[in-house]
Amino acid sequence: MEEESLPTIAQKPLAPPPPGSAGKGRLAAGAPPKQCPNCMTLNAATFKFCARCGTPLGATGPSVKPQPTPAKSAPAKPAAAKPAAPAKPAARPASAAPKAPTPTATRPATARPAPPPPPKPVSGQTRSPAPAPAPKPAAPAKPRARLSAIARDGSRSADFVLIKDETKLGREVADGDVKLDKDPFIAPLHAVFRFEGQQLVVQDSGSANGVFLWLKERPLASGDELRIGRQRLRVEWMPDEPEALADQPLWGSPNPGYTARVVQLLEGGGEGDIFPLKTGENSVGRGTGDVSFPNDGYVSSKHATIIVGGDGSFAVKDLGSANGTFVRINGRAPVNAGDLLLVGEQILRVDPA
């Protein structure tokens, strides 16, 4: 019994043909199959619709090979079609050869280039020595003493640190020195502070108004100057008496035994009041006394005592006054912590660093 060929694996086998239609079936079986233009499935020539997707197949004549259209979805492969052999990849040019994979290890550090050789000395010339290394900066000097400017109320108004072996004081000195440029009674270069070992010494530079040192009790010499309150005084011996005429003696007030005197020095260089001093103690103050200044508010009522010795000596003693007693130094004098200096109208106190 001859079997009828099936066009697809999905088509069911046909029922046996009715009697009298065997010749018609053989004619249909000899016709070429129809290919579905949609899913490309081969169908029997007698099919009007695709057995797979239901697309109309048209007349029974020879089927025209449809143009391929882009597939909307991945089509099923035909049963009779063989998979095409994969195309061989085109040969890569020699220049496009794949590079070797870079190792993941860390790239070794490149060696430093060797330093260039030193230049050869020119004949007849000697090679200059290498420059000496720059010296290290010196450590900042430690302060050795301090000068504190004292205001009238006793407060400290300014500080001057003494670091150098020699520090100048004046109205026109450098900024690192003790500059007092607002006091008209201070000279451009008034005094110099100098360290002699551990001892601080002040030296007057020949100023007109001098440097005065605070005292409690001190011997004096004829011609020494004192500053008490707002008074500048000179202590000296009485001048020698003029020679008496042989025929006519000079008449005057009786002499109670005055041997010395205090001369008041005025601003501008003139002389003011003169106070005679007797041998022994002579009181100085604002009220009653041998030497008194009732109109000076900076003089205490009992300020100081001037002692005239019978052996021709002088001494001065402060009686605990509020503003102190100062004597002018002659040339130079040592100073220590706590000492007070009177320069122009400025009071300076020596303090430790």
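As the structure is a computational prediction, the values presented were derived from the model and not from experiment. (Residues numbered from 1 in each chain as written. Predicted model: local features only at pLDDT ≥ 70, side-chain atom pairs only at ≥ 80, totals over all residues. Heavy atoms only, no water.)

Chemist: Help me understand the sheet that holds strand β20 (residues 332-335), please; the structure alone is not making it clear to me.
Modeler: With respect to topology, 5 strands assemble into an open sheet ordered β6-β5-β7-β8-β20, the strand pairing being mixed. Pairing within the sheet leaves two strands with one partner each, and these edge strands are β6 (178-179) and β20. Bridge count between strand β5 (residues 166-170) and strand β7 (residues 191-196): 4 bridges; the pairing is antiparallel. Looking at β7, one finds that T167 is bridged to F193. (Pairing = 2+ DSSP bridges. Helix = DSSP H or I, 4+ residues; strand = E, 2+ residues; numbered from the N terminus.)

Chemist: I tried to follow the pairing of strand β22 (residues 346-352) on my own but got confused; where do I start?
Modeler: It is a general feature of regular strands that their side chains alternate between the two faces of the sheet. With 6 bridges joining them, strand β3 (residues 145-150) and β22 adopt antiparallel strand pairing. By the bridge assignment, L147 is partnered in β22 with V350. Here strand β21 (residues 340-343) folds back onto β22 in antiparallel fashion, the turn holding 2 residues, of which G344 has a positive phi close to 60°.

Chemist: How do you make sense of the sheet that holds β21 when you look at a structure like this?
Modeler: The pairing of strands in a sheet comes from backbone hydrogen bonds and takes either a parallel or an antiparallel form. Read across the open sheet, the 10 strands follow the order β4-β3-β22-β21-β9-β19-β11-β12-β13-β14; overall the sheet is antiparallel. In the strand order of this sheet, the two ends are held by β4 (156-162) and β14 (271-278), each with one partner. Recorded for the sheet is a direction-independent mean angle of 30° between the axes of neighbouring strands. Sheet topology places strand β13 (residues 258-265) next to β14; 6 bridges connect them, and they run antiparallel. Paired with L265 across the two strands is E271, which belongs to β14. (Axes fitted to C-alpha atoms, helices over the stretch in contact; angles between N-to-C directions.)

Geometric descriptors of this kind do not, in isolation, establish any biological role.
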